[in-house]
Number of protein chains: 2
Amino acid sequence: MRVVVPFAASEPKTRLEGVLSPDERAEFADAVLTDVLAALAAAGRSPTVLSTAPLPERSVPVRVDERDLSTAVNAVLAEATEATAVVMADLALATPRAFERLFAADGDVVLAPGLGGGTNALVVRDAGFRVDYHGGSFADHRAIAAERGLATTVVDSFRLAVDVDERADLAEVLLHGEGTAAEWLRDRDFTLATADGRVTARRE
Amino acid sequence: MRVVVPFAASEPKTRLEGVLSPDERAEFADAVLTDVLAALAAAGRSPTVLSTAPLPERSVPVRVDERDLSTAVNAVLAEATEATAVVMADLALATPRAFERLFAADGDVVLAPGLGGGTNALVVRDAGFRVDYHGGSFADHRAIAAERGLATTVVDSFRLAVDVDERADLAEVLLHGEGTAAEWLRDRDFTLATADGRVTARRE
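Residues numbered from 1 in each chain as written. Chains lettered and ligands numbered in written order. Predicted model: local features only at pLDDT ≥ 70, side-chain atom pairs only at ≥ 80, totals over all residues. Heavy atoms only, no water.

Draft legend 1. Representation of helix α4 (residues 137-147) of chain A in the model. Inspection of α4 of chain A places Ser-137, Phe-138, His-141, Ile-144 and Ala-145 of chain A among the buried residues, and these make up the whole buried set. One side of α4 of chain A carries all its buried residues, which in axial view fall inside an arc of 125°. Seen from the open side of α4 of chain A, the exposed residues pointing more than 90 degrees away from its buried face are Ala-146 and Glu-147 of chain A. In the core, the buried residues of α4 of chain A are packed alongside β5 (109-113), β6 (119-124) and β7 (152-154) of chain A together with α6 (167-176) of chain B. Of the residues trailing α4 of chain A, Gly-149 of chain A is marked for its positive phi of about 70°. (Buried < 20%, exposed > 50% of the residue type's maximum accessible area, 1.4 Å probe, protein only. Helix = DSSP H or I, 4+ residues; strand = E, 2+ residues; numbered from the N terminus. Arc of directions from axis to C-beta. Contact = heavy atoms within 4.5 Å.)

Draft legend 2. Here's a closer look at the sheet that holds strand β5 (residues 109-113) of chain B. All names here are of chain B. Read from one edge of the open sheet, seven strands run β3-β2-β1-β4-β6-β5-β7, paired in mixed fashion. Both edges of this open sheet fall to β3 (62-64) and β7 (152-154), since each of them pairs with a single strand only. Each strand of the sheet is rotated relative to its neighbour by a mean of 20°, with strand direction disregarded. In this structure, β5 lies alongside strand β6 (residues 119-124), joined through five bridges in antiparallel fashion. (Pairing = 2+ DSSP bridges. Axes fitted to C-alpha atoms, helices over the stretch in contact; angles between N-to-C directions.)

Draft legend 3. How the structure looks around the side chain of Arg-58 of chain A. Residues and elements named next belong to chain A. Relative to the elements of secondary structure, Arg-58 occurs in the loop between β2 (48-51) and β3 (62-64). A polar side-chain atom of Arg-58 sits 2.8 Å from a polar atom in the side chain of Asp-30. When sequence neighbours within four positions are dropped, the list of residues in contact with Arg-58 reads Asp-30, Leu-33, Thr-34 and Leu-37. (Polar contact = N/O pair within 3.5 Å; in protein donor to acceptor, adjacent residues only side chain to side chain.)

Draft legend 4. Spatial organisation of the interface of chain B and chain A. The interface is formed by 28 residues belonging to chain B together with 28 residues belonging to chain A. Between chain B and chain A, the buried area comes to about 2,400 Å², and carbon and sulfur atoms account for 52% of it. If you sort the residues of chain B by the area they bury against chain A, Asp-156, Phe-158 and Arg-198 of chain B come out on top, with a joint share of 29%. If you look at where chain B meets chain A, you find two salt bridges. One salt bridge in this structure joins Arg-101 of chain B and Asp-156 of chain A, with 3.3 Å as the shortest N-O distance. Of all the secondary-structure elements, those providing two or more residues to the side of chain B that touches chain A are α3 (96-104), α5 (158-161), α6 and β9 (198-203) of chain B. (Buried area = accessible area lost by both parts, 1.4 Å probe. Salt bridge = Lys/Arg side-chain N within 4 Å of Asp/Glu carboxyl O.)

Draft legend 5. Examining the relation of the copies chain B and chain A more closely. Overlaying chain B with chain A gives an RMSD of 0.0 Å, the required rotation being 180° about an axis along which the chain moves by 0.0 Å. A rotation of that kind, with that shift, is consistent with a two-fold axis. Taken together, the interface assignments show that 100% of the residues at the interface of chain B recur at the interface of chain A, consistent with an identical surface on both copies. (Least-squares fit on C-alpha atoms with pLDDT ≥ 70 in both.)

Draft legend 6. Inspection of the packing of aromatic side chains at higher detail. Scanning the model with the defined rule gives four aromatic pairs over all chains in all. Taking the centre distance of 5.4 Å and the plane angle of 45° together, the rings of Phe-28 of chain A and Trp-184 of chain A count as tilted. A residue pair is termed long-range when its members are at least 10 positions apart, and Phe-28 of chain A in helix α1 (residues 22-42) and Trp-184 of chain A in helix α7 (residues 180-187) qualify at 156 residues. We note that Phe-28 of chain A, like Trp-184 of chain A, is buried. Relative to Phe-103 of chain B, the ring of Phe-99 of chain B lies with its centre 6.0 Å away and its plane at 15°, an arrangement referred to as stacked. Linking Phe-99 of chain B with Phe-103 of chain B, this pair stays in helix α3, spanning four residues, or about one helical turn. For the pair Phe-99 of chain B and Phe-103 of chain B, a shared accessibility class is recorded, and that class is buried. (Phe/Tyr/Trp six-rings, centres within 6.5 Å; stacked < 30°, edge-to-face > 60°.)

Here is the structure:
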């Protein structure tokens, strides 16, 4: 199985701009990518990063495609000769075990939903499937698969459902993260605080 | 296995007060409870509702305990003669399959984390364990189990991680819910809208 990890190399994580400086956002996105790649490697996979710009310091293969996410991923799918997995680069809670469940699931198309209607990871085993990440992609991907008569499986994983977009997501990283991203946040004085029944991330 | 579903019968879902009227909040909480009980029944379980007040219209057994959540649950655990599962009443996305994974997991204590640091479901197989739902209960429950030398398993489930507390959670119900709660929201003119990359629930 080919595993591709799309990564937006320029101005990542803009929705964290009230919390982290531009340089910090880039560092944090890099730390999360490191964790995702490590979890994939521990699950026995050799991922390729599909980046919008070169990433000279990465030891894994990097394919550069400046086009928008859906176009770049569909170009990968169009040339696929085997099953292809597409895993978002901001899944800071992903573990080898969660990825193993994703890759082991049957189906022409396997979808791992993200919070807020996105598709955080998918496996494509049919040449007819194409992605559309614009808007609520989870519902769209189910519809695209159904239109083409493809069997779809949904993987029920909290660790694959949390992507790091907003301040509230940082609390999940501090609570459940096991890698460099959680460490990076702790090193920058982020701690957990309880407010109104939910735990939130606070910078001291 | 005994399965207990704590339910706050008075003034439920106060964090939805900007979105739903008090009567609507009570109706919605009732619809979600109906879905949770149906999913548990479909998973082969016979749950008891642990309610803060009588629920005359429920066909399942209701145990009334007016005390706070942790005290009421610990009273159940203290008298347990078999494994006991505690499942929150607001898990609007829970499916029979998700509950089956919870109940099948090994461990003296099995925890299903909720978004924001809570514990949305747990299974207790050791008489020494007690709950503490105040604050970030997931970390506390791990610590309590570790202090007592109990083996803890964490179930990785998106469907068990989403509890319906806030407006953002309503979008998840509309996107992924399969029961009366999703239908209830649609009947009250809630629809999905895409804003800033995430899908949100909007009332028309």
